[in-house]
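What follows is each chain in one-letter form.
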Amino acid sequence: MAVLSSLWNWLFRIVVALVFTCYWATSGSAETIYLKNGKKIEGEIIERKEDHVTVRFEEGGQAPYWLDEIERIEDNKTRSQVSLDTDLKHDSAEEAEWRLVYVRKVETISTGAPAEKDLPADAEVLVGLGADYFYVVDGKKTSIYDFGTRRVRYVMSDQAVDDISLFALVAYRSAELQNRLMLGEAFTAANVVGERNPFRQFDLEALFGIAKKGGGDVALSEELTDGIYHYRVGGEVKVEYRLSEFAPAGDRKEMFEKYLLYETNLHPAVRRSIVARAAIPQLLVYEMHNLPALSARIRLELKGVEQDQQRYSPPSKLVQTARDADNTALAQLERMLGEVETNESKPPLTRRQFVEMTDQAIAQGQYLDAMLMATECGLQTGEYLMDHIRQLASYTNTDRRLAQFVSAMDMSSEEKTKTSLQILDGIDRTGLSRGHVVDIMRADAKAALGQENEARELFVNVLTVNPHIAGVYKDLGEVYHRFYDMRTAWKCWDTARRLYPQHPMLQQINEYEAKLLDQYPEFF
């Protein structure tokens, strides 16, 4: 991922945004769509995509609706409910769902507080394989991997849920693997080798399911004894498996491979060998080495297999969970993300409203406030008020505060960024209605100077004032990305794209995801 790109690089670009005109019909429609915010839409679904449906209204016009904002859909002709998680998202799946039951036994190799809570427990695990999804019911937690929408939902027994982009999971694995490989190389250079090196290449590749770029030094041998395949590294058995008679094909085979990829800790070479032999393992034993103080031997034994035409559907009433309640900034951010997602926040200002506000501020001689309004419009919507910005530039010779703000935009070097931050800190905010835009620049400067914690708090504070600024979500996501909190990073980016999908600042995120797709296609 490239380093954080300043919001202000986009200030002088004009972008034409895509606008959908919505019409509301009241009768004679094919479907009724019930949104999670309580609204009811009636119309005909004319297009179904992996992440949205397009509805045509009886009175004319059409509009898209994202699947994650839809509670349910009813067919007005049959008065039956269309399941969002089956008929809508997986309507091409005519084959039966495969359901596997594994008995898991965990043997601790090494552990220590507080790492012990991260070890899996002995349990009976249900694995469901669908057309483009799989799910795992493991104790009180159900994990639903949907490759149509490229998301995973974690549902707890109390019906709390967390929804995460698969891109976030893959980005973390990729970045953390590279970091730990470098640590392993440092240990090797210091002559800390073999079992004494806590960052051994094979163990890391197995933990993250990704092989080192360019190959490496892992010498993995395979042997078959009494129907059991053994994989050794340096003479030590790392993985064992025995195949069953059950052999899924097509989509179910692909979903089983993704189950092995996401939910076990198998080395890519071992995983590929299992998939190549087509059958589901009756017995699978492997080691997990996460941190120096967290290692275990996992044993999975197949208890049963069944096929069922009734596909899995999660509970209809789910409540988004809040992580790390002690982290005030993160808890505050997640509340805002939830409100934006469910349309509970106040409606965003439109470009027209920004224009009217800016015109009024100019007429009143409030030139800095006018510049902040014009700037906020661009950062929020991607549509910059260039005529107003050019007009305001002529006042920099007579308006000291405006001149300060404009001069602080130059953050092309570390020294200039430090100077910009000093200027921004010194701006008199008396009478400003959009002073939070100054804080966006301050946060940007702090992030560029490595003061990520302060930048993060500033960004969150800005969003409490205006929770619809796509550009702020983009840069805040990059701050979380630096902390390896990929889940929150993608939540910020997904929120920005939900608000203004055509915003030019988000192209960098789209390109990042395209790179992950190209490098790690097996995860998608």
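Thresholds applied
Residue positions are given per chain, counted from 1 along the sequence in the order it is written. Given that this is a predicted model, residues contribute local features only at a pLDDT of at least 70 and side-chain atom pairs are listed and counted only at 80 or more, while totals for whole chains, interfaces and linings are drawn from all residues. Heavy atoms throughout the structure, all of them, feed into the side-chain values; hydrogens and water do not. Only DSSP runs of H or I with at least four residues qualify as helices, and only runs of E with at least two residues qualify as strands; both kinds are numbered from the N terminus onward. Per-residue accessibility, obtained with a 1.4 Å probe over protein chains only, is compared with the maximum for each type, and a residue is labelled buried under 20%, exposed over 50%, and partly exposed between these values. Two residues qualify as a contact provided that any one of their heavy atoms is within 4.5 Å of a heavy atom in the partner residue. What a helix should span is 1.5 Å times the count of its residues minus one. Pairing of aromatic side chains here covers Phe, Tyr and the six-membered ring of Trp, requires ring centres within 6.5 Å, and sorts the geometry by plane angle: under 30 degrees stacked, over 60 edge-to-face, intermediate tilted. To define axes, lines are fitted to C-alpha atoms, for helices over the stretch in contact only, and angles between the resulting N-to-C directions are given on a 0 to 180 degree scale. Note on angle classes: values under 35 degrees are labelled roughly parallel, values over 145 roughly antiparallel, values of 65 to 115 roughly perpendicular, and the remainder oblique. By definition, turning the near helix anticlockwise from the far helix through less than a right angle yields a left-handed crossing, and turning it clockwise yields a right-handed one. Charged residues are taken to be Asp, Glu, Lys and Arg, nonpolar residues to be Ala, Val, Leu, Ile, Met, Phe, Trp, Tyr, Cys and Pro, and polar residues to be all remaining types, Gly included. Regarding the arc, it is the one traced by the directions from the helix axis to the C-beta atoms. In what follows, salt bridge is the name for a side-chain nitrogen of Lys or Arg lying within 4 Å of a carboxyl oxygen of Asp or Glu. In short, DSSP must find at least two bridges between two strands for them to pair. For this analysis, a polar contact is any N or O atom pair within 3.5 Å, provided that within protein one partner can donate a hydrogen and the other can accept it, and provided that sequence-adjacent residues contribute only side-chain to side-chain pairs. pLDDT runs from 0 to 100 and stands for how confident the predictor is about each residue.

A. Geometry of the overall build of the chain. Counting its secondary structure elements, the chain contains 16 helices and 18 strands. Evaluated residue by residue, the chain yields a buried proportion of 51% over its 524 residues. Across the chain, the fraction of contacts at a sequence separation of at least 24, relative to all contacts at a separation of at least 6, is 62%.

B. Spatial organisation of helix α4 (residues 250–263). Taking 1.5 Å per residue, 14 residues should reach 20 Å; α4 reaches 20 Å between its end C-alpha atoms and fits that length. Residues Arg252, Met255, Phe256, Lys258, Tyr259, Leu260, Leu261 and Tyr262 constitute the buried set of α4.

C. Region of interest: the packing of aromatic side chains. Tallied over the full model, the rule gives 16 aromatic pairs. Note on phenylalanine 134 and tyrosine 259: the rings are 6.1 Å apart at their centroids and 85 degrees apart in plane angle, and the pair reads as edge-to-face. You can see phenylalanine 134 sitting in strand β9 (residues 133–138) and its partner tyrosine 259 sitting in helix α4, a full 125 residues away along the chain. Between tryptophan 493 and tyrosine 512 the ring centres are 6.3 Å apart and the planes differ by 75 degrees, which places this aromatic pair in the edge-to-face class. Separated by 19 residues along the polypeptide, tryptophan 493 in helix α15 (residues 486–499) and tyrosine 512 in helix α16 (residues 507–519) bring together distant segments of the chain. Take tryptophan 493: its relative accessible area is 0%, and that puts it in the buried class. Judged by relative accessible area, which is 11%, tyrosine 512 ranks as buried.

D. Spatial organisation of the packing of helix α7 (residues 351–363) against helix α9 (residues 386–393). Between α7 and α9, whose axes approach to 11 Å, the crossing angle comes to 15 degrees. With respect to α9, the element α7 is oriented roughly parallel. Crossing handedness for the pair α7 and α9: left-handed. Contacts between α7 and α9 pair Val355, Thr358, Asp359 and Ile362 from the former with His388, Gln391 and Leu392 from the latter. Its residues assigned to classes, the contact of α7 with α9 shows three nonpolar, three polar and one charged.

E. Inspection of α9 at higher detail. The set of residues buried in α9 consists of Met386, His388, Ile389 and Leu392. End-on, the buried residues of α9 take up no more than an arc of 160 degrees, which puts them together on one face. α9 presents Asp387 and Arg390 as exposed residues on the side facing more than 90 degrees away from its buried surface.

F. The environment of leucine 421, seen in detail. Within the fold, leucine 421 resides in helix α11 (residues 414–426). Spatially, the C-alpha atom of leucine 421 lies 9.1 Å from that of methionine 411, the residues being 10 residues apart in sequence. Contacts of leucine 421, omitting those with residues within four sequence positions, involve Arg442, Ala445, Lys446 and Leu449.

G. Highlighting the pattern of salt bridges. A full pass over the atoms with the stated rule returns 39 salt bridges. For lysine 238, the salt bridge is made with glutamate 236, and the minimal N-O distance between the two is 3.8 Å. By sharing partners, the salt bridges in this structure join Glu107, Glu195, Arg200, Asp203, Glu236, Lys238, Glu287 and Arg297 into a single network.

H. Spatial organisation of the pairing of strand β11 (residues 151–156). Of all the six residues making up β11, five are buried; the element is thus mostly covered by neighbouring parts of the structure. Summarising the sheet, strand β10 (residues 141–146) and β11 pair through six bridges and their orientation is antiparallel. The partner of aspartate 146 across the bridge, within β11, is arginine 151. The turn joining β10 and β11, which pair antiparallel and follow one another in sequence, is formed by four residues; a positive phi near 55 degrees is taken by arginine 150. The pairing of β11 with strand β12 (residues 160–165) spans five bridges and is antiparallel. By the bridge assignment, tyrosine 154 is partnered in β12 with aspartate 162.

I. Fine view of the side chain of glutamate 176. With respect to the helices and strands, the residue glutamate 176 is situated in helix α2 (residues 166–189). In this structure glutamate 176 comes out as buried when scored by relative accessible area, which is 15%.

J. Just unusual backbone geometry, in detail. Phi at asparagine 191 takes a positive value of approximately 65 degrees, unusual for a residue other than glycine. On the secondary structure map, asparagine 191 appears in the loop between α2 and α3 (201–208). Looking at asparagine 191, the relative accessible area reads 53%, which means it is exposed. A positive phi angle is found at aspartate 226, which is not glycine, with a value near 55 degrees.

K. Local environment of the side chain of glutamate 31. If you trace the backbone, glutamate 31 turns up in strand β1 (residues 31–35). Here the side chain of glutamate 31 touches isoleucine 45 through a polar contact of 3.0 Å, landing on its backbone nitrogen.

L. Seen up close, the pairing of strand β8 (residues 123–129). As judged from the seven bridges shared by strand β7 (residues 97–110) and β8, these two strands associate in the antiparallel manner. When the sheet's bridge partners are listed, valine 103 is paired in β8 with glutamate 124. As defined by bridge partners, β8 adjoins β9 across five bridges and the pair is classed as antiparallel. Each residue of the ladder has a partner; that of glycine 128, found in β9, is tyrosine 135. Where β8 hands over to β9, the hairpin turn is made up of three residues, counted between the paired strands.

M. Representation of the confidence of the model for the chain within the structure. This prediction gives the chain a mean pLDDT of 85; 83% of its residues lie at or above 70. Taken together, the stretch residues 85–93 has pLDDT below 50 and engages in 28 contacts with residues farther than four places along the chain or on a different chain.

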